[in-house]
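Listed here are the chains, written in short residue letters.
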Amino acid sequence: METDMNGNGTGTHDDGDASGSLRGKVVVLGVTGGIAAYKSAELVRRLVKLKAEVHVIMTKAAQEFVSPLTFRTLSSNPVVTDMFGEPGAWNVMHVSLAQRADIVVVAPATANCIGKIASGIADDMLTTTIMATQAPVLLAPSMNTRMFLNPIVQGNLRKLASLGYIIMEPAEGELACGDVGRGRMPEPGEIVEKICRILSDGSPVMEDKRDLEGISVLVTAGPTQEALDPVRYLTNRSSGKMGYALAEAARDRGARVCLISGPTSLPAPVGVDFIRVRSAQEMFEAVIARFEDADVVIKAAAVADYRPVRVAGQKIKKGDGRMVLELEPTPDILGELGRRKGAKLLVGFAAETRDVVESAKDKLIRKNLDMIVANDVSRYDAGFNVDTNAVTIIGRDGSIEEVPLSSKREVAEKVLDAVARLMRARS
Ligand code: CTP
């Protein structure tokens, strides 16, 4: 959505804030010193339009980018610019704002601000408010790609995610510095939608649904690629979306998450330990290496069952007649985990095109699983390469739960509900 600074929508769809009213909700918006600070003006406008009471706290650096007057005008509230200024209507302002907030949003969140929050530094009004609040805190990181990918920043985000902070994925695109990559602040409309979700229900909220706290979850996602020669490979239609949604949902529910992913076009989720692999063999080795540390393994990956017996060192030349490829089985990763299972909870996926439930039940027994999530991949709206899925969750105890067509995130939450129930029953 493009919007000019007069607040007039110029895009083809409306503000995209169909998510509902925020009447009665107090949103504390922290603006830190990044170029995306100008987009936060639009964010305030949208929040106010949804009837939220918005209080803006600007860091010193943010004021170099945008004037507090902009936010004061848009929010119709005084803007907090330093800790020791005139307190106005507030007594101890950071405590009041921290207590009154239904949500604290930091957009843009710079690497510096993220670092301070992660380290427990509270040296200005924003970081002090965040430290004092019990409301959910949503961070919208915005910075140069290389800064974003810096292991220190990634480590800080992982730590914050594990503590219940909700972190939005930065978008890809051209950055203010001229680089292209991940690091752009999500669009105001997306941030508003996220706020609405958090403040309504079914969303990751700090004090809510932290039922996987302290649990280590290993998720696999995506297809595998089995090389034929240096430029060709065998693969499948998996996009990885289901596995990534599971990893993000488990993270938001407090789990320590390791995501092992085949080749996908999806960005690595923030706050999870991310390992990229290519072939079934590489996935096998990565999973086995991390199996010990996991309490729960969810194998959403669509692993190739066969690979070429020979991988040509040079590009294969076209011949005159037919060509026969000789294939050999790949290791059955889940089958192997089933053999080593111990007390771990194993969840498989079964992509089927017919006899969905029966075939899945058979796999559950064959691979010694606790649960299997069956989906009919012949449907156009479920399974591979789409944003929605419809599944049947089958338990070892014979339980069957149908999850109707929903977003992959919602399906992920249902699968994790079942995982959390099983974990509780065991403890
Ligand atoms: N799986 C695995 N390793 C393989 C093949 C599959 O770990 N080499 C896992 C998948 O990640 C999934 C489950 O096993 O969780 C079922 O995968 P699926 O392809 O449906 O089953 P297969 O065992 O390959 O059986 P079939 O091809 O006969 O349906």
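Quantities reported herein were computed from a predicted structural model and do not represent experimental measurements.

(A) The packing of aromatic side chains, seen in detail. With the rule as written, the count across this model stands at one aromatic pair. A centroid spacing of 6.1 Å and a plane angle of 65° characterise the contact between Tyr 244 and Phe 274, whose relative ring orientation is edge-to-face. Remark: Phe 274 occurs in strand E12 (residues 273-276) and Tyr 244 occurs in helix H10 (residues 241-252); sequence separation between them is 30 residues. Note on Tyr 244: relative accessible area 3%, which makes it buried. Given a relative accessible area of 24%, Phe 274 falls into the partly exposed group. Lys 344 extends its terminal NZ or CZ atom over the ring of Phe 291, reaching a point 5.2 Å from the ring centre.

(B) Spatial organisation of the confidence of the model for the protein chain. When pLDDT is averaged along the protein chain, the result is 88; 90% of the residues meet or exceed 70. Confidence over residues 201-207 falls short of pLDDT 50; this stretch has 18 contacts with residues more than four positions distant or in other chains.

(C) Layout of a nonpolar patch on the surface. A cluster of nonpolar side chains, Tyr 306, Met 323, Leu 325 and Leu 327, forms an exposed patch at the surface whose accessible area comes to about 400 Å². By the secondary structure assignment, Tyr 306 is in strand E14 (residues 306-308). With a relative accessible area of 48%, Tyr 306 lands in the partly exposed category.

(D) Representation of the nonpolar core. Grouped together as the largest cluster of nonpolar side chains are 36 residues, with contacts concentrated most on Val 217, Leu 246, Val 296 and Ile 298. Put simply, the parts of the chain that give this core at least two residues each are strand E8 (216-221), H10, strand E11 (256-261), strand E13 (296-299), strand E16 (345-352), strand E17 (371-376), strand E18 (388-395) and helix H14 (408-426). Looking at this core, the element that brings in the most residues is H14, giving eight residues. Excluding anything up to four places from it in sequence, Ile 298 contacts Val 217, Leu 218, Val 219, Thr 220, Leu 246, Val 347, Phe 349 and Leu 416. With 33 residues, the next largest nonpolar core counts Leu 29, Ala 41, Val 44 and Ala 107 among its residues.

Criteria and thresholds
Residues numbered from 1 in each chain as written. Predicted model: local features only at pLDDT ≥ 70, side-chain atom pairs only at ≥ 80, totals over all residues. Heavy atoms only, no water. Phe/Tyr/Trp six-rings, centres within 6.5 Å; stacked < 30°, edge-to-face > 60°. Helix = DSSP H or I, 4+ residues; strand = E, 2+ residues; numbered from the N terminus. Buried < 20%, exposed > 50% of the residue type's maximum accessible area, 1.4 Å probe, protein only. Lys NZ or Arg CZ within 6 Å of the ring centre and 35° of its normal. pLDDT = per-residue confidence, 0-100. Contact = heavy atoms within 4.5 Å. Patch = residues over 30% accessible without salt bridge, like charges linked within 9 Å, V, L, I, M, F, W, Y side chains within 5 Å. Areas by Shrake-Rupley, 256 points an atom, 1.4 Å probe, with all protein chains shown as cover. Salt bridge = Lys/Arg side-chain N within 4 Å of Asp/Glu carboxyl O. Core = buried A, V, L, I, M, F, W, Y, C linked by side-chain atoms within 4.5 Å.

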